[in-house]
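A structural walkthrough
What follows is the residue order along each chain.
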Amino acid sequence: MIVVSVLERTLAALRAQALAQVPHADVIELRLDHVGDPGVDELTELISAITVPVIVAVNGPEAHGHFRGERDERFATLACAARAGAAFIDVDWKDARLQGPLPSTCRRIVSRHEMETLPPLETAWAELEENARPTDVLKFVAHARSGEDGVRMLESVATRSRDVVGFTSGEAGSFTRVLAPIFGSKWTYASPARIEGATVGTASAPGQLRPDELRAMWPTRGPSRETRVFAVLGNPIGHSLSPRLHTAALRALDFDGAYVAIAPQDFGDFLAECRSPNWGGFSVTAPFKMDAFDAASESDPASKATRAANTLVRRPDGAWSAHNTDVPAIASSLERALASRAQMRLADASVVVIGTGGAARSAAYGLRGARSLTVAGRNALERDKLAHELGCASAALEALPDIEWDVLVNCTPLGSGTDPEAMPVDAHILGPNKIVMDAVYRPENTPLIAAARTRGAVAIAGSSWFVRQAALQFALFTRLDVDEQLLRSEFDRALAEDPS
């Protein structure tokens, strides 16, 4: 299932790293890019000492490798590895027809690496087939420029009728390394595990995860072709903590599911590529919440009212149902905070929502039970349009000092990692008897939240809203309820590890 790829500059270092990695690997790949041919005796002794199957590869720049020798030199090293007991040798697809016979104990992996882009997949697989023998494993790795590319690769792997390995490289395609076994890839490749007291092995290809990271993202019993796949969709999406929370919940309840982060370029194109029944549902964040609503065949009342969905659930017929868990999440989070910290009911509060995007729509709709509701933003056309749709007031941000309000809810990205120093309003309008809530949850202590606390206001971090909506999403995905405290604890751990 997991191939740990070991790349070192000397045979001694390669041996030490490979033997240390055996407890963490299902298969060890010995990369001889630097070492070259150590001789059959040396290689036999090393392979015999490794108690899991061994792949031997000699990769050049065409496959993220360092070998600079001639083809015949590479063939000689691979032939030596086959005689020395390697279970597999890795052969470049363009050279595969020229490579000689092997012992019956050794199979070939015929590999194709596309470093720049994803070529037409059916043509690429057909070319691999043409250059392979019936017993060969076909390996195809291509650079992904978008989430769509990664899904195309996974879906193509799922249709293969022989042993294949397939995933995408690059940041946009890193999620495929986690999901590849679910879609039928014989293996996924990992960089060496960190071992206390040992030298940390380097990744042999960009984007590799470590074995413990992979296993932590899989179901407790490991991935299979029946494993359900969930993901958070956004662009950018690297900052999201949704995978941490949902994976913790899936594993705590022993649900056969995996959850990753994906960054599509075009939401409609991405969704059209998700043909496999493994795709169970998506959390949706900026800038795709309105696209998600438009893509669904049916919608809950909250998403209909806001024309924005933060959750898509796969129906039995393959279509998608849209839900907006932001609406009940923000309403319940604010109502709880009002009751416990300000002894106030929502019905008695004057609320200002800052922003005009999907999050602002959800917040404004969820808080429509307030005594008064105002949508504020820089874009007059957008804020007036949203206010008209929801039947509330509209105001420019500059007008907020002249407006009476009790609760202010920021639904812009200001203060997040993309704009960490910014605030949506001037601090001087904050003060005692004011309640300030931020949709931004990373960092938890945004400039707005920090200023609110400094000036004596009740500050409600975005984590409250985020955790609540995640719990509601999880129930839609799995039909199981999860303890919110479990999600909150995972959220706190994630921030402690990486507060950015």
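Right, let's walk through the structure included here. (Residues numbered from 1 in each chain as written. Predicted model: local features only at pLDDT ≥ 70, side-chain atom pairs only at ≥ 80, totals over all residues. Heavy atoms only, no water.)

1. A short note on the packing of aromatic side chains
Here the structure, examined in full by the defined rule, presents 13 aromatic pairs. Judged by centre distance (5.4 Å) and plane angle (45 degrees), the rings of Phe 183 and Trp 279 are tilted. Residue Phe 183 is located in the loop between helix H6 (175-179) and strand E8 (188-190), and its partner Trp 279 is located in strand E11 (residues 279-284); the two are separated by 96 residues in the primary sequence. Relative to Phe 282, the ring of Phe 270 lies with its centre 5.6 Å away and its plane at 65 degrees, an arrangement referred to as edge-to-face. Separated by 12 residues along the polypeptide, Phe 270 in helix H9 (residues 267-273) and Phe 282 in strand E11 bring together distant segments of the chain. Judged by relative accessible area, Phe 270 falls into the buried class, the value being 0%. Taken together, the aromatic side chains of Phe 183, Phe 270, Trp 279, Phe 282 and Trp 320 make up a single cluster linked through ring pairs. (Phe/Tyr/Trp six-rings, centres within 6.5 Å; stacked < 30°, edge-to-face > 60°. Helix = DSSP H or I, 4+ residues; strand = E, 2+ residues; numbered from the N terminus. Buried < 20%, exposed > 50% of the residue type's maximum accessible area, 1.4 Å probe, protein only.)

2. Details of the sheet that holds strand E18 (residues 407-410)
Across the sheet, six strands lie side by side as E17-E16-E15-E18-E19-E20; this open sheet has parallel pairing. Among the strands making up the open sheet, the edge pair consists of strand E17 (393-396) and strand E20 (458-460). Neighbour-to-neighbour, the strand axes of the sheet open up by a mean angle of 20 degrees, direction not taken into account. Examined bridge by bridge, E18 and strand E19 (residues 435-438) share four bridges and lie parallel to one another. Along E19, the bridge assignment pairs Leu 408 with Val 436. Strands E18, E19 and E20 of the sheet are contacted by helix H15 (residues 447-454), whose axis makes an angle of about 165 degrees with E19. (Pairing = 2+ DSSP bridges. Axes fitted to C-alpha atoms, helices over the stretch in contact; angles between N-to-C directions. Contact = heavy atoms within 4.5 Å.)

3. A few points about the pattern of salt bridges
Summed over all chains, the structure comprises 31 salt bridges. The salt bridge involving Asp 26 is made with Arg 215; its shortest N-O contact spans 3.7 Å. Of this pair, Asp 26 sits in the loop between helix H1 (11-21) and strand E2 (27-31) while Arg 215 sits in helix H7 (residues 211-217), and the two are 189 residues apart along the sequence. Its salt-bridge partner being Asp 406, residue Arg 371 comes within 3.7 Å of it at the nearest N-O pair. (Salt bridge = Lys/Arg side-chain N within 4 Å of Asp/Glu carboxyl O.)

4. Digging into helix H3 (residues 71-83)
Between its first and last C-alpha, H3 extends 18 Å over 13 residues, near the 18 Å set by a 1.5 Å rise per residue. Turning to H3, its buried residues number three or more, namely Arg 74, Phe 75, Thr 77, Leu 78, Cys 80, Ala 81 and Ala 82. Gly 85 sits one or two positions beyond H3 and adopts a positive phi of about 110 degrees. (Expected span 1.5 Å × (residues − 1).)

5. As for the packing of helix H8 (residues 242-252) against helix H16 (residues 462-478)
For the pair H8 and H16, the least separation of the axes is 11 Å and the interaxial angle reads 50 degrees. In terms of axis orientation, H8 runs oblique to H16. Judged by the twist between their axes, the crossing of H8 over H16 is right-handed. Seen from H8, the contacting residues are Ser 242, Leu 245, His 246, Ala 249 and Leu 250; seen from H16, they are Phe 466, Val 467, Ala 470, Gln 473, Phe 474, Phe 477 and Thr 478. (Parallel < 35°, antiparallel > 145°, perpendicular 65-115°, else oblique. Left-handed = near helix turned anticlockwise from the far one by under 90°.)

6. Quick look at empty space enclosed by the protein
Applying the stated criterion across every chain yields a total of two cavities of 30 Å³ or more. Lining the second largest cavity are Val 58, Asn 59, Glu 62, Ala 63, Arg 74, Asp 90, Val 91, Asp 92, Ser 111 and His 113. Of all elements in the fold, only strand E4 (88-92) and strand E5 (107-114) reach the threshold of two or more residues within the lining of the second largest cavity. Among the elements that make up the lining of the second largest cavity, the one with the highest residue count is E4 (three residues). (1 Å grid on protein atoms, 1.4 Å probe; cavity = no way out; pocket = protein on both sides within 12 Å on 5 of 7 lines; lining within 4 Å. Points joined across faces, edges and corners; volume = space filled by probe spheres on them.)

7. Regarding a negative patch on the surface
Together, Asp 37, Glu 70, Asp 72 and Glu 73 make up a region of like negative charge exposed at the surface. Relative to the helices and strands, Asp 72 is located in helix H3. (Patch = residues over 30% accessible without salt bridge, like charges linked within 9 Å, V, L, I, M, F, W, Y side chains within 5 Å. Areas by Shrake-Rupley, 256 points an atom, 1.4 Å probe, with all protein chains shown as cover. Lys, Arg positive; Asp, Glu negative; His and termini not counted. Charge placed at Lys NZ, Arg CZ, Asp CG, Glu CD.)

8. Section: the sheet that holds strand E13 (residues 311-314)
Taken together, the six strands give an open sheet; going across it, the order is E10-E9-E11-E13-E14-E12, and neighbouring strands pair in mixed fashion. Of all the strands in the sheet, just strand E10 (257-262) and strand E12 (298-299) have a single pairing partner and so form its edges. Two elements, strand E9 (residues 228-233) and E11, share five bridges in a ladder whose sense is parallel. Residue pairing in the sheet places Ala 231 in a bridge with Phe 282 of E11.

9. A closer look at the packing of helix H2 (residues 40-49) against H3
The geometry of H2 relative to H3 is characterised by a closest axis approach of 9 Å and an angle of 50 degrees between their N-to-C directions. Comparing the axis directions of H2 and H3 gives the class oblique. The two elements H2 and H3 cross, and the hand of that crossing is right-handed. Here Val 40, Leu 43 and Ile 47 of H2 lie close against H3, whose contacting residues are Cys 80, Ala 81 and Arg 83. Looking at the contact of H2 with H3 residue by residue, the classes come out as five nonpolar, no polar and one charged. (Nonpolar A, V, L, I, M, F, W, Y, C, P; charged D, E, K, R; others polar.)

10. What to know about the nonpolar core
Of all hydrophobic cores here, the largest spans 87 residues; its most connected members are Ile 28, Leu 30, Leu 179, Trp 187, Trp 279 and Phe 282. Apart from residues no more than four positions distant in its own chain, Phe 282 is found in contact with Ala 231, Leu 233, Phe 270, Leu 271, Cys 274, Asn 310, Thr 311, Leu 312, Trp 320 and Phe 477. Of all hydrophobic cores here, the second largest spans 27 residues; its members include Ala 329, Ala 359, Leu 367 and Leu 386. (Core = buried A, V, L, I, M, F, W, Y, C linked by side-chain atoms within 4.5 Å.)

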